[in-house]
Amino acid sequence: MILFHSDLAKNTDKTVSLIMEAKELFVRVKKESRDLEVIKQAQYMEASCYISLGDSQSAVKLLECINRRLLVVETLLASAYKMEGKINEAKSTFQIGIYQYVVVLFSLFPFYLMMCTECMEIE
């Protein structure tokens, strides 16, 4: 919450201080957690802090090493449900997966389109 509300600070120095505090908390979570999902989320949020601070190089360095392979768990889980005769659970699993991936897809579109229009203006 600190990161997302840091812009409400009274001045730029306070905003930067809050973002740095949030970044240090995410670094601490990465060091002390044993849960890989929590570590990935902390790494993502740390990169968000770098972006907010205008430090693109640190964000790139942090995010480039993240494993980008997408494992679609829903297919296997739905198949397992189907094998057990739990058709409604299988359908529900697919519906949830489809919803999540569509949301991700549509969240990427505005950024991609912005980049395309910026590139067209440069040329």
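Rules used in this analysis
- Residues numbered from 1 in each chain as written.
- Predicted model: local features only at pLDDT ≥ 70, side-chain atom pairs only at ≥ 80, totals over all residues.
- Heavy atoms only, no water.
- Helix = DSSP H or I, 4+ residues; strand = E, 2+ residues; numbered from the N terminus.
- Buried < 20%, exposed > 50% of the residue type's maximum accessible area, 1.4 Å probe, protein only.
- Contact = heavy atoms within 4.5 Å.
- Areas by Shrake-Rupley, 256 points an atom, 1.4 Å probe, with all protein chains shown as cover.
- Salt bridge = Lys/Arg side-chain N within 4 Å of Asp/Glu carboxyl O.
- Expected span 1.5 Å × (residues − 1).
- Axes fitted to C-alpha atoms, helices over the stretch in contact; angles between N-to-C directions.
- Parallel < 35°, antiparallel > 145°, perpendicular 65-115°, else oblique.
- Left-handed = near helix turned anticlockwise from the far one by under 90°.
- Nonpolar A, V, L, I, M, F, W, Y, C, P; charged D, E, K, R; others polar.

Chemist: Give a description of the overall build of the protein that names residues and reports values.
Modeler: A tally of helices and strands in the protein yields six helices and zero strands. Per-residue burial for the protein yields a buried fraction of 21% across its 123 residues. Sequence separation of 24 or more characterises 28% of the internal contacts of the protein that already satisfy a separation of 6 or more. Per element, the accessible surface of the protein, about 10,200 Å² overall, is 63% carbon and sulfur.

Chemist: Could you give me a rundown of the pattern of salt bridges, with the residues and numbers involved?
Modeler: This structure, assessed with the given rule, holds four salt bridges. A salt bridge links Lys30 to Glu46; its shortest N-O distance comes to 2.6 Å. Taken as a pair, Lys30 in helix H2 (residues 12-32) and Glu46 in helix H3 (residues 36-52) lie far apart in primary sequence, 16 residues in all. The buried category is assigned to Glu46, whose relative accessible area is 5%. A salt bridge links Lys86 to Glu84; the nearest nitrogen and oxygen atoms lie 3.3 Å apart. On the basis of relative accessible area, Lys86 is assigned to the partly exposed category, the value being 36%.

Chemist: Talk me through H2; I want residue IDs and the actual numbers.
Modeler: An ideal rise of 1.5 Å per residue puts 30 Å on 21 residues; H2 measures up with 30 Å between its terminal C-alpha atoms. Those residues of H2 that sit buried are Thr15, Leu18, Ile19, Ala22, Lys23, Phe26 and Val27.

Chemist: So what's going on with the environment of Gln41? Which residues, and what values?
Modeler: Along the chain, Gln41 turns up in helix H3. Accessibility expressed as a relative area gives 46% for Gln41, which makes it partly exposed. For the pair formed by Gln41 and Lys30, sequence separation is 11 residues and the distance between their alpha carbons is 8.9 Å.

Chemist: Run through the packing of H3 against helix H4 (residues 56-64), naming residues and quoting values.
Modeler: In the contact formed by H3 and H4, the axes pass within 8 Å of each other and the chain directions differ by 165°. The angle between H3 and H4 falls in the class roughly antiparallel. Between H3 and H4 the crossing geometry is left-handed. Residue-level inspection shows Gln43, Tyr44, Glu46, Ala47, Tyr50 and Ile51 of H3 in contact with H4, the latter providing Ser58, Ala59, Leu62 and Leu63. Of the residues contributing to the contact of H3 with H4, the split by class is seven nonpolar, two polar and one charged.

Chemist: Residues and numbers for the side chain of Gln43, please.
Modeler: With respect to the secondary-structure elements, Gln43 resides in helix H3. Aside from chain neighbours lying at most four places away, what touches Gln43 is Lys30, Leu62, Cys65 and Ile66.

Chemist: Can you explain the packing of H2 against H3? Please cite residues and give values.
Modeler: Between H2 and H3, whose axes approach to 8 Å, the crossing angle comes to 155°. It follows from the interaxial angle that H2 and H3 lie roughly antiparallel. Considering only the axes of H2 and H3, their crossing is left-handed. Contacts from Ile19, Ala22, Lys23, Phe26, Val27, Val29 and Lys30 of H2 reach H3 at Val38, Ile39, Ala42, Gln43, Met45, Glu46, Cys49, Tyr50 and Ser52. Among the residues making up the contact of H2 with H3, the classes are represented as 11 nonpolar, two polar and three charged.

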